[in-house]
Each structure stands twice: as structure tokens, then as C-alpha cells.
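Below are the chains, spelled out letter by letter.
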Amino acid sequence: MSPAARLRGLRPDWLNNPKIWRTEVLAGLVVALALIPEAISFSIIAGVDPAIGLFASFTMAVTISIVGGRRAMISAATGAVALVIAPLNREHGFGYLVAAVILAGVFQVALGAVGVAKLMRFVPRSVMVGFVNALAILIFMAQVPEMHDVPWAVHPLIVGGLALMVFFPKVTKVIPAPLVSIVILTVITVAAGISVPTVGDKGALPSSLPTPGLPDVPFTLDTLTTIAPYALAMALVGLMESLMTAKLVDDITDTRSNKTRESIGQGIANIVTGFFGGMGGCAMIGQTMINVRVSGARTRLSTFLAGAFLMVLCIAFGPVVSDIPMAALVAVMVMVSFATFDWHSIAPKTLKRMPAGEITVMALTVAVVVATHNLAIGVVVGTITAMVIFAKRVAHLAEVTTVVDPDGSTVVYRVTGELFFASSNDLVTQFNYTTDPGKVVIDLSETHIWDASSVAALDAIENKYAQRGKDVEIIGLNRPSAQIHQKLSGELTGSH
């Protein structure tokens, strides 16, 4: 292979393919436009100046594009993080908020390093579907205030924007339909002098780049104890949303991401954001859907450009961006919400075939997320519910069958199924302690001992027989079961 060919192989895909490059650049521009009103809104929730949210979105996106583990995913200032840190800013001031963002980043790096991302394997599919559907509902609900108590012209503009995004891709997919919709609606409102809410009405855009610095707080133990609870909550919420979003993008793109790298990357991005005076953030699901599903982006370039374009638009084209009607961005987000919702999951045909427990978990996840406006709480509640339903379902899987020797001196009990805390509870009741002969054999060759509860149940069975002067022999243990039984038997109740 020639040196030139080797060099081409090391270059990113977007450098070798002009079509990919164009897609990534335009996707980054669309996302940047959609980020501006969102970042301003989240700044208001956190109780800080709009520029703080915009700076955070810039530094988060640019940093995560380099250190993150999921290509094409967008990280920026988010509502979930804003809700967590708003009380800290309100009670102690902005300096403490920035310090909490940096500490949250440190927590995320530590959690990522110890493998917290591996916990994602315990999130069932029904919770994931509920998470996606709840996300779509929240995105739509966030647009409702922009359609209420507004000039009448807003509604036809939103309808026009939706129509453009539905029909324009049938003409060409070279330019993302959301970008076309935003440009056309902006031109119409400015040229016709239509008075509708604009991006500029959300708040003033920054006129310069953020500068690095240390948080304005006393570096004492008292400060640490004040910010630590908020920082930990922010770290956990941010990681939960980011890892769930990464899993969603994995499914959409049929590619795998490095969840551990993403966890550590989120921490690094928040540390950088904190030192630049930003409010912190995590993966933005709505903007990620615009980038990946609507615009077709697949590389880190789109994420980097989303952050870079955000600052360029604010600083160099602030007056133009301020004139973008909110109706155009509302139309984009409504389209995103409909594209995000898993309509197949609620189709009557699907619901008829789905186990009742999984439908319950999905519905509960949606209900909790929508009620709390917190995706992390919904995922935790849904996952715990799924585990409880699963444990209840398999609790009775351990079955006991009896075989008595012809001479009547020995009885053999064969146990099949898995023995763990749920199934072993009923095990003790399935033996005939009074009427059984003097020799009892318990055959465990068709089962596996998973925990101390199962060992304790077997000890209880042996003790009940021993009290009646009968001998018990346990046979057929596989190696792991034999090891845990030998290690714990007789130690759990104090009897030897």
C-alpha cells in the first residue's frame, strides 16, 4: 500500500467523501440553530444569564466531539441538569453553580472509570421503549407554550414548516429539510413584516467567546459539602440521559458506541464547561435526533460543528439569528417528536402479542417521566418495576419431584430450575418432613445455586429433617453451586 493510500485510510470518512462532508456540515448548522432557543430556555430555568447556557452548549458540543464515545451525538446545556442545579444557584450564587459543574464532571470521570456504563445492560427493552416515547412526548409538550397565547400568524407558520419538512425531501435530500424550513419561514416573516415571537425575544445573544477562569467561591471544606450533593445528582442524571441517548443512537445507526469512553467524556466536557463559566449539561436527545435521524449525520464532525456554528451564529450573525421566528424551530421540534415516538410499540397488533408485564413497565416509564419531567427518574422506576415483575415471574420456577425407592427406605427429591432469593423461599415447603423415610436424597443436578438465600433454604431443610432423626444427602451440585454451598452452609444461622 502506498503512503498516500495509507494516509487516506487514517483520515476520517468525511474527509474522503464530499457527500458525507456536506451532510455533516449542514446537519451541524441545523442543530446549532435549534440549540439557541433551547439553551436560552434552560438558562432561564437555571436562573442564569442566557449567554451562560449558550457558552455551555458550545463547550460541551466541541469537547464531547473529541473525547466522547458516541459519534454524532449532541451534548449541550439541558433541562434536566438545569433543574438539578437551579436551587444551588438560587441559594448560594453563580460561583457555587460553576464549582458544582466542575465537581460533577470529576464524579462522572470517576464513575466512568469504575464501569458505571456496564449497568446499562440491566435496562430492559420495555424501559427503553418507554424512555423513547416519553422523550417524544416531552419534546412535544415543550413546544405547546410556544403555540399558546401567540399571534394568529404563528399557527400557519408552524403548519407551513411541517409541510416543508414532509414534502421537501421528496424533491431533494441534498439540503436538510429543517434548514430549508427555517430559512424560508424567516425570509417570509422578515420580508412581510409579520410580527411573531422570534429567537431574539428569548434573550440577548453573546457578543464574544467565553474566557476560562476559576469559580468565584472560597476553596474550603464547607464549600465542598455545599456543592457535593448537587454535583453528584447532576453527574448521575447527566450520565443516565447520555448513556440512554447513546444506546438509542446505537439502535438507529446499527453501530456500537464506547459507553465507558462516553461516561468519562461527559465528565471531561463538564469540567471544561465549568472552567469556561458554563452551566454544564449532558446529551441532548431532541437535538441528537435532529442530527442523526432527521439530518442523517454519522460522524464527530457534525457534533463539533454544532458547537462551533452556535458561537459563530451568535457572535457574527446575532441580528440575523435573532430574527428567526420561534414558529420555525417549533415546527422542527414537533417533527422530531413524531419521528422519535415508537408508533409500532402502541399498535393494537403489537399490544395483543406483548406480555402484560412489559406493557405495564413501558406505560409506567412514560407516566413517571411525563409527570416528573425527569427521564432519569422514569428509567430507574421502570427498571426496578421490570426487575420486580421478572423476579415474581421466575419465583416459582424451581420445581420439586419425588421418587421413592421400592424398599421404602429412601426418598429422592429432584429439584429443577434456578435457586435464588425469590424461588428458594418456597423450597422449604415442598418436602414431607414427617412421613418421609429415614434417608432423604436431594438431587440438585438440574439446578444452580445463585445466592446465600438458597443455601439458607437448604440448611433449613436439613435441620427440619435432622430434628426428626433423618439423614439428608445433597448430590449433583455443579462446581460453582458446590463452592457457594460449601462456603456458606451452616454459617448463615450459626449452626454447625
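What counts, and at which threshold
Residues numbered from 1 in each chain as written. Predicted model: local features only at pLDDT ≥ 70, side-chain atom pairs only at ≥ 80, totals over all residues. Heavy atoms only, no water. Helix = DSSP H or I, 4+ residues; strand = E, 2+ residues; numbered from the N terminus. Rg over C-alpha atoms; globule rule 2.2 N^0.38 Å. Buried < 20%, exposed > 50% of the residue type's maximum accessible area, 1.4 Å probe, protein only. Contact = heavy atoms within 4.5 Å. Pairing = 2+ DSSP bridges. Axes fitted to C-alpha atoms, helices over the stretch in contact; angles between N-to-C directions. Left-handed = near helix turned anticlockwise from the far one by under 90°. Nonpolar A, V, L, I, M, F, W, Y, C, P; charged D, E, K, R; others polar. 1 Å grid on protein atoms, 1.4 Å probe; cavity = no way out; pocket = protein on both sides within 12 Å on 5 of 7 lines; lining within 4 Å. Points joined across faces, edges and corners; volume = space filled by probe spheres on them. Parallel < 35°, antiparallel > 145°, perpendicular 65-115°, else oblique. Disulfide = S-S within 2.5 Å. Salt bridge = Lys/Arg side-chain N within 4 Å of Asp/Glu carboxyl O. Phe/Tyr/Trp six-rings, centres within 6.5 Å; stacked < 30°, edge-to-face > 60°. Lys NZ or Arg CZ within 6 Å of the ring centre and 35° of its normal. Core = buried A, V, L, I, M, F, W, Y, C linked by side-chain atoms within 4.5 Å. Expected span 1.5 Å × (residues − 1). Bend = angle between axes of the 7 residues up to and from the residue.

Q: Could you clarify how one ought to interpret the overall build of the chain in this entry?
A: Within the chain, the secondary structure is distributed over 20 helices and six strands. A compact globule built from 496 residues should have a C-alpha radius of gyration of about 23 Å, whereas the chain, at 29 Å, is more than 25% larger. With the principal axes as the frame, the chain shows a C-alpha extent of 100 × 65 × 60 Å. Looking at the chain as a whole, 50% of its 496 residues qualify as buried. Counted over contacts in the chain with a minimum sequence separation of 6, partners at least 24 positions apart contribute 84%.

Q: I tried to follow the pairing of strand 3 (residues 399–404) on my own but got confused; where do I start?
A: Along a regular strand, successive side chains alternate from one face of the sheet to the other. Pairing analysis gives six bridges linking strand 3 to strand 4 (residues 410–419), with the strands arranged antiparallel. Its bridge partner lying in strand 4, Val400 is registered against Val415. In textbook terms, the turn of a hairpin is the stretch between consecutive antiparallel strands, and for strand 3 and strand 4 this stretch comprises five residues, one of which, Gly408, has a positive phi near 80°.

Q: Help me understand the sheet that holds strand 6 (residues 471–475) in this model?
A: Sheet architecture is open: four strands sit in the order 3-4-5-6, paired in mixed fashion. Of all the strands in the sheet, just strand 3 and strand 6 have a single pairing partner and so form its edges. Ignoring strand direction, the axes of neighbouring strands in this sheet form an average angle of 20°. Of the strands in this sheet, strand 4, strand 5 (439–449) and strand 6 touch helix 19 (residues 452–467), which is tilted by about 175° from strand 5. Together, strand 5 and strand 6 form the strand contacts of helix 20 (residues 479–488), whose direction differs from that of strand 5 by roughly 120°.

Q: Honestly, the packing of helix 19 against helix 20 in this entry has me stumped. Any pointers?
A: The description of two helices packed together rests on the angle between their axes and the distance between the axes. The geometry of helix 19 relative to helix 20 is characterised by a closest axis approach of 10 Å and an angle of 65° between their N-to-C directions. Our pair here, helix 19 against helix 20, has a crossing hand that is right-handed. Only Ile484, His485 and Leu488 of helix 20 make contact with helix 19, whose side of the interface consists of Ala452, Val455, Leu458, Asp459 and Glu462. Split into classes, the residues belonging to the contact of helix 19 with helix 20 amount to five nonpolar, one polar and two charged.

Q: Looking at this structure, how should I read the layout of surface pockets?
A: A water-sized probe, rolled over the atoms, reveals where empty space remains. Looking at the largest pocket, its volume works out to about 730 Å³. Lining the largest pocket are 31 residues, with Glu38, Phe42, Gly79, Leu138 and Ala142 positioned closest to its centre. Elements that contribute at least two residues to the lining of the largest pocket include exactly helix 3 (18–46), helix 5 (79–92), helix 7 (125–143), helix 12 (285–294) and helix 15 (326–340). Residue composition of the lining of the largest pocket, grouped by class: 19 nonpolar, eight polar and four charged.

Q: Please explain unusual backbone geometry as it appears in this structure.
A: Among all residues save glycine, negative phi is the norm, and among peptide bonds the norm is trans. One non-glycine residue, Ala72, lies in positive phi territory at about 75°. One can find Ala72 in the loop between helix 4 (50–67) and strand 1 (75–76). Exposure remark for Ala72: the relative accessible area of 2% places this residue in the buried category.

Q: When you look at the packing of helix 6 (residues 94–113) against helix 10 (residues 221–253) in this model, what are you seeing that I'm missing?
A: One way to put it is that helix 6 packs onto helix 10 with a least axis distance of 7 Å and a crossing angle of 55°. As summarised for this structure, helix 6 and helix 10 are arranged oblique, according to the angle between their axes. Crossing of helix 6 against helix 10: the hand is right-handed. Listed contacts from helix 10 to Tyr96, Ala99, Ala100, Val101, Leu103, Ala104, Phe107, Gln108 and Leu111 of helix 6 are Thr223, Leu224, Thr226, Ile227, Ala228, Ala231, Leu232, Met234, Ala235, Leu236, Gly238 and Leu239. Looking at the contact of helix 6 with helix 10 residue by residue, the classes come out as 17 nonpolar, four polar and no charged.

Q: Explain the state of the cysteines to me, please; I cannot follow it from the model alone.
A: Two cysteines form a disulfide when their sulfur atoms are joined by a covalent bond. Per the stated rule, a full pass over the model turns up zero disulfides. Unpaired in this structure, Cys282 has its nearest cysteine sulfur neighbour in Cys314, at a distance of 20 Å. A relative accessible area of 0% means that Cys282 is categorised as buried.

Q: Help me understand the pattern of salt bridges in this model?
A: Side-chain pairing between opposite charges can occur once the charged atoms of the two side chains come close. Counted by the stated rule, this structure contains five salt bridges. A salt bridge links Arg70 to Asp250, with the nearest nitrogen and oxygen atoms 2.6 Å apart. Of this pair, Arg70 sits in the loop between helix 4 and strand 1 while Asp250 sits in helix 10; the two residues are 180 residues apart in sequence, bridging distant segments of the chain. Here Arg70 matches Asp250 in class, with each residue buried.

Q: What is the right way to read the packing of aromatic side chains from this model?
A: Remark: the centre distance and the inter-plane angle together describe each pair of aromatic rings, the angle taken between the planes. Following the criterion strictly, the structure yields eight aromatic pairs and no others. Between Phe341 and Trp343, the aromatic rings sit 4.5 Å apart at their centres with planes inclined by 45°, giving tilted as the arrangement. Look at Phe341 and you get buried, because its relative accessible area is 15%. Their ring planes at 85° and their centres at 5.1 Å tell us that Phe420 and Phe421 sit as a pair that is edge-to-face. By relative accessible area, which is 48% here, Phe421 ends up partly exposed. The rings of Phe140, Phe338, Phe341 and Trp343 are connected pair by pair, giving a single aromatic cluster. Across from the ring centre of Tyr433, 5.8 Å away, lies the NZ or CZ of Lys464, which sits over that ring.

Q: Before we go on, may I ask you to explain the nonpolar core in this structure?
A: Taken as a class, soluble globular proteins show a tendency for nonpolar side chains to be buried jointly. Core analysis: the largest hydrophobic core is formed by 103 residues, its most contacted members being Ile36, Leu54, Phe131, Met279, Ile290 and Leu310. It is helix 3 that contributes the most residues to this core, twelve residues altogether. Setting aside chain neighbours within four positions, we find Ile290 in contact with Val30, Val31, Ala34, Ser295, Val332, Met333 and Val336. Among the nonpolar cores identified, the runner-up in size contains 20 residues, and Leu419, Phe431, Val440 and Ile461 belong to it.

Q: Even after reading the chapter, I still don't get helix 8 (residues 154–171), so can you show me in this structure?
A: Because each turn of an α-helix spans 3.6 residues, side chains separated by three or four positions end up pointing in the same direction. Between its terminal C-alpha atoms helix 8 stretches 26 Å, which fits the 26 Å expected from 18 residues at 1.5 Å a residue. Along helix 8, the sharpest kink reaches roughly 30°, centred on Met165 and followed within four residues by the proline Pro169. For helix 8, the set of buried residues is Val154, Leu157, Ile158, Gly161 and Met165. The inward-facing, buried residues of helix 8 abut helix 9 (177–192) and helix 15.

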